[in-house]
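Architecture at a glance
Now for the letters of each chain:
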Amino acid sequence: MRKPIVAGNWKMNKTMREAESLAESIKVDLGEFTKVDVVLCPPFTALKTVSDVISRSAIRLGGQHMSAEPSGAFTGEISAGMLRDLYCNYVILGHSERRAYAGETDAGVNEKTLAAHASGLKPIVCVGEKLEEREAGITQAVVEAQVKGCLSGLDEEQVKNTIVAYEPVWAIGTGKTATPEMAQDVHAHIRAVVAVMFGDDLAKTVRIQYGGSMKPGNAAELISQPDIDGGLIGGAALDAGSFVEIVKAAV
Ligand code: 13P
């Protein structure tokens with residue numbers, strides 16, 4: 001009942017020309033395939049290029065980050081309105097790399113989540129435990145606190161239009177993937193936390209992506225878990241063939 005959603009987070013990769021060619025190949029390879037929502041999140045510098053390539057397709061565009069502020073003296077920042085201006089429909093918020101390298105906090109991600117919704121962007125809100133937290137047996141508590149902190153104060157419509165991405169930090173870019181059972185356990189817990197916050201019915205509508213070394217070889221098994229509704233793909237999203245294979249494995 002939840003439509004799968006697969007997003008490619010290109011991180012700090014691809015020049016304009018490379019981005020154009022990658023987006024073009026993905027568009028051609030996907031053809032008329034619409035059983036999965038597909039989102040491309042190139043770096044800011046390639047948003048316009050990719051936006052033009054996918055403009056008459058079912059592929060959607062997303063930013064990798066944004067400011068909670070609408071405009072003003074915030075050097076280096078990008079607003080929700082600017083992302084909308086480039087026809088973005090999504091924005092990744094609170095990625096673990098932004099938490100680690102740019103000091104993002106749950107409270108800050110919460111402000112951005114509300115600002116994204118206010119501008120009509122669907123936020124992809126990232127949560128996930130670090131290796132030492134998993135080893136200490138506190139994964140569920142960590143993720144629960146992140147979900148509660150990031151999603152507080154949303155109304156019904158906003159909850160329905162929020163995507164949560166569970167990305168265990170130790171699985172990102174390391175080749176180590178959570179087993180389908182490990183991932184499903186955390187996804188089920190995330191849905192239970194959303195249910196406590198907003199009720200069962202709304203929790204059932206929220207799509208929860210898995211991210212962390214997802215590849216064509218492990219995508220189908222992960223996404224076939226009952227509470228895994230798609231993927232947020234890093235490395236494998238930089239190759240059109242691998243990305244499209246993952247998209248097609250998500251149905
Ligand atoms: P990898 O797929 O490269 O592990 O990255 C996952 C990720 O961080 C997506 O946001």
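Since this is a predicted model, take the numbers as computed values, not measurements.

Digging into the site of the ligand
Near the ligand there are 13 residues, and of these His95, Glu167, Gly173, Ser213 and Gly235 occur at the shortest range. Between the ligand and glutamate 167, the relevant distance is 2.9 Å, taken from an oxygen atom to a side-chain nitrogen or oxygen of the residue. Here glycine 234 contributes a backbone N or O atom positioned 2.9 Å from an oxygen atom of the ligand. Coverage of the ligand by the protein chains reaches 95% of its 310 Å² of free accessible surface.

With respect to unusual backbone geometry
The general pattern is negative phi for most residues beyond glycine and trans for most peptide bonds. A positive phi angle, near 50°, is found at lysine 11, a position not held by glycine. Mapped onto the elements of the fold, lysine 11 is located in the loop between strand E1 (5–9) and helix H1 (16–30). In this structure, tyrosine 87 is a non-glycine residue whose phi angle is positive, near 70°.

Topic: the packing of H1 against helix H2 (residues 47–54)
In the contact formed by H1 and H2, the axes pass within 9 Å of each other and the chain directions differ by 25°. Relative to H2, the element H1 lies roughly parallel. For the pair H1 and H2, the crossing hand works out as right-handed. Residues Met16, Ala19, Glu20, Ala23, Glu24 and Lys27 of H1 lie in contact with H2, whose contacting residues are Thr49, Val50, Val53 and Ile54. Split into classes, the residues belonging to the contact of H1 with H2 amount to six nonpolar, one polar and three charged.

What counts, and where the lines are drawn
Residues numbered from 1 in each chain as written. Predicted model: local features only at pLDDT ≥ 70, side-chain atom pairs only at ≥ 80, totals over all residues. Heavy atoms only, no water. Near = heavy atom within 4 Å. Polar contact = N/O pair within 3.5 Å; in protein donor to acceptor, adjacent residues only side chain to side chain. Areas by Shrake-Rupley, 256 points an atom, 1.4 Å probe, with all protein chains shown as cover. Helix = DSSP H or I, 4+ residues; strand = E, 2+ residues; numbered from the N terminus. Axes fitted to C-alpha atoms, helices over the stretch in contact; angles between N-to-C directions. Parallel < 35°, antiparallel > 145°, perpendicular 65-115°, else oblique. Left-handed = near helix turned anticlockwise from the far one by under 90°. Contact = heavy atoms within 4.5 Å. Nonpolar A, V, L, I, M, F, W, Y, C, P; charged D, E, K, R; others polar.

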